[in-house]
Each structure stands twice: as structure tokens, then as C-alpha cells.
Amino acid sequence: MEELVALCKRRGFIFQSNEIYGGLQGLYDYGPLGVELKNNLKQSWWRSMVFDRDDVEGLDASILTKPSVLKFSGHQDTFTDPLIDCKNCKARWKADQLKSSNCPSCGSDDLTEPRPFNLMFKTAVGPVEDKESFAYLRPETAQQIFTNFKNVIDSTSKNLPFGIAQIGKAFRNEITPRNFIFRVREFEQMELEFFVNPGSDEEWHKKWVDLRVKWWKEQGVGQENMELYDVPSKELAHYSKATVDIMYRFPHGLEELEGIANRTDFDLGSHSKNQKELNIKAKVMSNNKSNSRLAIQDTDSKKWVVPYVIEPSAGVDRGVLAVLNEAYKTEELTDGKSRIVLALRPHLSPIKGAVIPLKKNHQGLVGLASKIKKDLQKLGLGRILLENSGNIGKSYRRHDEIGTPLCITVDFESLDDNSVTVRNRDTMKQKRIKIAKLKDSLTDILK
Ligand code: GAP
């Protein structure tokens, strides 16, 4: 973990947030390369969930959430961790972190009884700060998918089974954030709520577990480092009938990367019921002929059903940590030296190709290099960088460390023969190729 954290800081992937003011625990900022890697992971998820399927639509809903949504979702009452205070040193612990009846920090046995601590952040809404005018920062992206259920089916005419996908920030006031970006207070989730006919839920649950394991493998996460964990009933979240966690061998141990839950009709049912109880005459509900308001009419049976929900919910930050951990390698070279290489899957690499003129600021070389950069950039395959450093060896080392699949060197011969030297990150082999063929090389490697 220390080596990864050091690489992330040195090369501009991830920084401690608010660092110049001493940092704020449980928050991290993604730097110039981190933001590209994170965006690429999110895009890959979006492609597989939305673009590659015709039964899923996207959503980007608000973060600030009305308290009633989280009251009826059950979060206000149950989204808690048991908290224990050390009366001696004032340290705070999650109950499951205590291996004995002593404080892990000072050893004192003067501890409070565990008490529930709600993990949701609150903020004031509007100019008057009073008990009523507040909102929560959403603790999961899922709830606004449920509250938009009718909007989405009415505007897209979807039939069961179908899903709504969303990527976005979630916030949890974790008692003890730790292990770099693994457990943080502000993070991103990639969540799909997949609505199915009750009765077909168990079959869909299995299908989604398989699909999600396959997707993680495509991101470079080794099967040997993943394990499925059938969450025992006493550990299930309040909304879940069954949950399978995809566990990953993180540098600090085997922990949850993604959870795939069978949320049944808990959320839609609860929001429907409580809409009725509150007598909210929401316009979006007015066409609904069923008694349950968040329902859909089955095209075959014509019956109104409150669908069951299968929810694959993945953490973006945990995903970034997993792909970085898989990709990070130290290799011994034949000359007795070693190199660090980030063997990311090319579609995740922050920079797809670096174009490097042999001599810094040389007009002819830099001119040709920037033309190559512009032409390759236009292909829309991701970021192509012009690196006018003049130090080829150093550039190769840097690009190995940040995972750039191809380095393209423009030398004096290039000006005459329209060819460049292409170096492959993984094999370190160099090939002379025509500039006109660069597009194919890059496209091939990104496939
Ligand atoms: N909507 C369901 C849900 O939120 P969860 O298991 O609490 O379920 C889903 O969270 C995923 O979100 C986790 O598998 C994890 O990847 C990520 N996650 C949860 N809490 C996190 C935290 N404090 N820091 C980073 N990622 C977190």
C-alpha cells in the first residue's frame, strides 16, 4: 500500500485533500492522471451498463436529498454504525474494531457502551437555518433512482426487466476512514437498479453476479484475487433479501469491492406506501391506475406490479485502488536495473500515447510531433500527450510508471522518412513504423 500511495502522489494520481491546511481525514483529491483513470473506469462501466445494453437507461440525479426520502428508505433509522468512545483518550471506535475491552489507542478499559451513530451528513438548505430546513448528502446514489422510477418509465416506455444506471458521489460520515481511498467519507458509486418481475429475482441476481465478475476481469482484476461472499442474513442491510459481495484482495486484506443485492420491492414499496400515507398528489403518479403508486404494468399479464430490484453497486474509488494494485509491478531488467511499470489495461490508461520529440524545442521535430499528437487526438481514443522533455530515457521511465501503452519518438530521420519509433510499455520492444500507420497501432492496442 505504501508504494502505491507514494506512486499516486509522485505521479499525480491521488492527493490528500485539503493538504496545505493539514488535510481532512477520509477525503482524497484525484490529480491530473487520477482523474483520467477514474473517468476511464467510469466510462467503461457506463459503456457496459448503458451503451452495450438496450434494457438500461441512465440518470444523473441530485446529491442533496429530502429527509423524507431517507426516512422512508429506512436510512434515517438504520443507517448507523455502533460507536464506542474511550473516556480516557477520547478516541472513537466502531464496535467491530475493538478486539478486546480495551482502547486500541491508549489501552484504557474506560469505554462507553456502544451507541448507534448515523452516518449521514446533513446540511442547511436556504438562508434560514432551522430544524426543518435541511437536506442530507445522499449516502447511496440508489434512492434518487427509486424516486425517479415513474419519470423514467413514463418518458422511455420501458417494460420489465429494465434498469436505471447512475454514477455519482455518495457521502458517509465514517467513524474511522482508513486504508487510503478504500474507506472514505466522500466517494463515488456506480449503481444499477435493475427492475424485474417478482419471482424472476433470484435468477437475475445470479446473472448479475456473473456479469459483474466478468466486467471486473475485463478491467484487469485477476480472478485469483476475487472471492464471492454470500452475506449471512444477520449481516444483511435492512433492504436486502440476499447480497453477494465481490471481495478483492486489497493490499490491506480481502474486502468488499462491490455488493450485488436483491432489494426486493422494499424501496419502491416503501416510497409508494408512504406517498399514499402522506397524501402527496405527485403529478407523475396521476396516470397510475394501480393501488401502489411506484408500479409498472406488465405488458403480457396487464397486471400492475411493484418490481423487485437487483442492485449491483460498485465503489469507483475501491475500483481505482483495485486496478492500480493489479497493475503495479516492479520488474528486473537484463542490465541489472529495475523498472516500475503500471500495466493497466490500455482502455484505463490515463494517457494512451506519448509523442516525444528527440530534441527539446527543436522546431522541426516539435512541429511534426504536435501534428502527430493532434491527428491522433482527433481519433477520440483518449488523451494523447506531446512530451517536449528532450530526455527519451526519462520519458520512457515516467510513462512506464503511469501506464502509457505506447511512446512515439520523433527523431531527425522522421523528418525525411515519415516514420517514427514506437515503444510498447509491456514488452519494451521498439518498432519503426510509418506515421500513417500510427492510427492502426493505437487502435489495435486499445482493443
Ligand atoms: N446502494 C447500496 C450500497 O450503497 P454498500 O455496500 O453500502 O451498498 C456499495 O456500498 C459500494 O460502495 C461498496 O461495495 C463500496 O465499493 C462502496 N463504498 C461504500 N462505502 C464506502 C466508503 N466509505 N468509501 C469508499 N467506498 C465505499
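Structure shown above.
Quick notes on the rules
- Residues numbered from 1 in each chain as written.
- Predicted model: local features only at pLDDT ≥ 70, side-chain atom pairs only at ≥ 80, totals over all residues.
- Heavy atoms only, no water.
- Helix = DSSP H or I, 4+ residues; strand = E, 2+ residues; numbered from the N terminus.
- Buried < 20%, exposed > 50% of the residue type's maximum accessible area, 1.4 Å probe, protein only.
- Lys, Arg positive; Asp, Glu negative; His and termini not counted.
- Salt bridge = Lys/Arg side-chain N within 4 Å of Asp/Glu carboxyl O.
- Contact = heavy atoms within 4.5 Å.
- Near = heavy atom within 4 Å.
- Polar contact = N/O pair within 3.5 Å; in protein donor to acceptor, adjacent residues only side chain to side chain.
- Areas by Shrake-Rupley, 256 points an atom, 1.4 Å probe, with all protein chains shown as cover.
- Nonpolar A, V, L, I, M, F, W, Y, C, P; charged D, E, K, R; others polar.
- Arc of directions from axis to C-beta.
- Core = buried A, V, L, I, M, F, W, Y, C linked by side-chain atoms within 4.5 Å.
- Domains from an automatic or database assignment.
- Patch = residues over 30% accessible without salt bridge, like charges linked within 9 Å, V, L, I, M, F, W, Y side chains within 5 Å.
- Phe/Tyr/Trp six-rings, centres within 6.5 Å; stacked < 30°, edge-to-face > 60°.
- Lys NZ or Arg CZ within 6 Å of the ring centre and 35° of its normal.

Asker: So what's going on with the side chain of Glu-174? Which residues, and what values?
Answerer: Within the secondary structure, Glu-174 sits in the loop between β10 (162–171) and β11 (186–196). With no salt bridge to any partner, buried Glu-174 finds its closest opposite charge in Arg-183, at an N-O distance of 4.0 Å. Aside from chain neighbours lying at most four places away, what touches Glu-174 is Asp-81, Leu-119, Arg-183, Val-184 and Arg-185.

Asker: Describe the site of the ligand, and please don't skip the residues or the numbers.
Answerer: The environment of the ligand is formed by 19 residues, the closest being Glu-140, Arg-172, Glu-174, Glu-191 and Glu-256. Between an oxygen atom of the ligand and a side-chain N or O atom of Glu-256, the distance comes to 2.6 Å. Arg-263 is positioned such that a nitrogen or oxygen atom in its side chain is 3.4 Å from a nitrogen atom of the ligand. For the ligand, the protein covers 91% of the area, taking 550 Å² as the surface of the free molecule. Of all elements in the fold, only β11, β14 (253–264) and β17 (308–315) reach the threshold of two or more residues within the shell around the ligand. Examining the composition of the shell around the ligand, we find that 5 residues originate from one element, β14, more than from any other. For the shell around the ligand, the residue count by class is 5 nonpolar, 4 polar and 10 charged.

Asker: Describe in detail helix α13 (residues 438–446), supporting the description with residues and values.
Answerer: Among the residues making up α13, those that are buried are Leu-438, Leu-442 and Leu-446. With its buried residues spanning 60° around the axis, α13 presents them on a single face. Tucked into the core, α13 has its buried residues touching α10 (363–377), β21 (384–386), β22 (406–410), β23 (419–424) and β24 (430–434).

Asker: Give a description of the nonpolar core that names residues and reports values.
Answerer: In this structure, Phe-13, Ile-14, Trp-216, Val-320 and Leu-324 are the most contacted members of the largest nonpolar core, which totals 53 residues. When residues in this core are grouped by element, the largest group, 7 residues, is from helix α9 (residues 316–327). Both domains that furnish three or more residues to this core are identified here as domain 1 (2–70 + 120–323) and domain 3 (351–446). Not counting residues within four places of it along the chain, the set of residues in contact with Trp-216 comprises Met-190, Val-221, Met-226, Ile-246, Leu-257, Glu-258, Ala-314 and Gly-319. Judged by nonpolar contacts, the second largest core, of 19 residues, contains Leu-59, Ile-145, Leu-160 and Ala-295.

Asker: Break down a nonpolar patch on the surface for me, with residues and values.
Answerer: Nonpolar side chains collect at one region of the surface, where Leu-358, Phe-412 and Leu-415 lie side by side and expose about 240 Å² of accessible area between them. Looking at the secondary structure, you find Leu-415 in helix α12 (residues 412–417).

Asker: Outline the packing of aromatic side chains, listing residues and values.
Answerer: Counted under the stated rule, the structure contains 12 aromatic pairs. With a centroid separation of 4.8 Å and an interplanar angle of 75°, the aromatic rings of Trp-215 and Trp-216 are classed as edge-to-face. Note on Trp-215: relative accessible area 3%, which makes it buried. Among the aromatic residues, ring-to-ring pairing joins Phe-146, Phe-149, Phe-162 and Phe-195 into one connected group. Residue placement shows Lys-38 over the ring face of Tyr-30; its charged tip is 4.1 Å from the ring centre. A cation sits over an aromatic face here: Arg-423 above Tyr-396, 4.5 Å from the ring centre.

Asker: I'd like a description of the pattern of salt bridges, backed by residues and values.
Answerer: Applying the stated criterion across every chain yields a total of 30 salt bridges. Measuring nitrogen to oxygen at the nearest pair gives 3.0 Å for the salt bridge that ties Arg-263 to Glu-140. On the criterion of sequence distance, the pair formed by Arg-263 in strand β14 and Glu-140 in the loop between β9 (134–137) and α5 (142–147) is long-range, its members being 123 residues apart. Residue Arg-263 shares its accessibility class with Glu-140, and that shared class is buried.

Asker: Tell me about the environment of Ser-240, residues and numbers included.
Answerer: When you line up the elements, Ser-240 lands in the loop between β12 (226–230) and β13 (242–250). Given a relative accessible area of 12%, Ser-240 falls into the buried group. Sequence separation between Ser-240 and Gly-336 is 96 residues, and the spatial gap between their C-alpha atoms is 55 Å. Beyond its immediate sequence surroundings of up to four residues, Ser-240 is in contact with Ala-261 and Asn-262. Here the side chain of Ser-240 touches Ala-242 through a polar contact of 3.1 Å, landing on its backbone oxygen.

Everything listed here is a matter of coordinates, which is why it stays silent on function.
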